[in-house]
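Coordinates in review
The chain contents come next:
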Amino acid sequence: MDIAVGDTILTRKKHPCGASSFEVLRVGMDFKIRCTGCGREVMLPRAKIEKNIKKVVRPDPAAQTGPIH
């Protein structure tokens, strides 16, 4: 599965705060993710993350660049 830093993942299980989306902060053998609801940061093994991902939302590159002058 191709996941990059800056992507947002939607998981099958919700975080205890009620949110089910997480921002990816670090990738490798372990993933560091931040809950978009409460801001809690968690490190989890790649196998566990990949098993629980429902959808990967990539940031829109056109939205990140400012207007061209």
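One can find the structure itself at the top, above this paragraph.
Residues numbered from 1 in each chain as written. Predicted model: local features only at pLDDT ≥ 70, side-chain atom pairs only at ≥ 80, totals over all residues. Heavy atoms only, no water.

**Focus: the overall build of the chain**
To keep it simple, the criterion reads: Runs of E in the DSSP output that reach at least two residues are strands. Runs of H or I that reach at least four are helices, and both are numbered from the N terminus. Think of it in three bands: with a 1.4 Å probe and only protein chains considered, a residue is buried below 20% of the maximum accessible area for its type, exposed above 50%, and partly exposed in between. Any two residues whose heavy atoms approach within 4.5 Å are treated as being in contact.
Secondary structure assignment for the chain yields two helices and five strands. When its helices and strands are written in sequence order, the chain yields β-β-β-β-α-β-α. Buried residues in the chain amount to 22% of all 69 residues. In the chain, 32% of the contacts between residues at least 6 apart in sequence involve partners at least 24 apart.

**A look at the pattern of salt bridges**
The condition that has to hold: Only one rule defines a salt bridge in this text: a Lys or Arg side-chain nitrogen within 4 Å of an Asp or Glu carboxyl oxygen.
Within this structure, the stated rule accounts for five salt bridges. In this structure, the salt-bridge partner of Arg 34 is Glu 23, at a minimum N-O distance of 3.5 Å. Here Arg 34 is found in strand β3 (residues 30-35), whereas its partner Glu 23 is found in strand β2 (residues 21-26), with eleven residues between them in sequence. Exposure remark for Glu 23: the relative accessible area of 29% places this residue in the partly exposed category. Notably, a salt bridge pairs Glu 50 with Arg 46, separated by 2.9 Å at the nearest N-O pair. Here Arg 46 and Glu 50 lie together in helix α1 (residues 46-52), a separation of four residues that amounts to about one turn. Note on Glu 50: relative accessible area 26%, which makes it partly exposed. What emerges from the salt-bridge pattern is a single network uniting Glu 23, Lys 32, Arg 34 and Glu 41.

**Looking at the layout of surface pockets**
In this approach the atoms are scanned with a rolling probe the size of a water molecule, which exposes any empty space left behind. The line we're drawing: Of the two site types, the cavity is a set of points on a 1 Å grid over the protein atoms alone where a 1.4 Å probe fits but cannot get out, and the pocket is an open set with protein on both sides within 12 Å along at least five of seven lines, each lined by residues with an atom within 4 Å of a point. Grid points are joined across faces, edges and corners, and a volume is the space filled by probe spheres set on the points. Under this grouping Gly is polar, as are all residues other than the nonpolar Ala, Val, Leu, Ile, Met, Phe, Trp, Tyr, Cys and Pro and the charged Asp, Glu, Lys and Arg.
Counted as a void, the largest pocket has a volume near 270 Å³. For the largest pocket, the full set of lining residues is Thr 11, Lys 13, Lys 14, His 15, Pro 16, Phe 22, Ile 33, Val 42, Leu 44, Lys 48, Ile 49 and Asn 52. Residue assignment for the lining of the largest pocket shows that the elements contributing at least two residues are β4 (41-45) and α1. Tallied by class, the residues present in the lining of the largest pocket amount to six nonpolar, three polar and three charged.

**Some points on the environment of Lys 55**
Within the fold, Lys 55 resides in strand β5 (residues 53-57). Along the backbone, Lys 55 and Thr 8 are 47 residues apart, and their C-alpha atoms lie at a distance of 8.5 Å. The contact partners of Lys 55, leaving out residues within four places of it in the chain, are Thr 8, Ile 9 and Leu 10.

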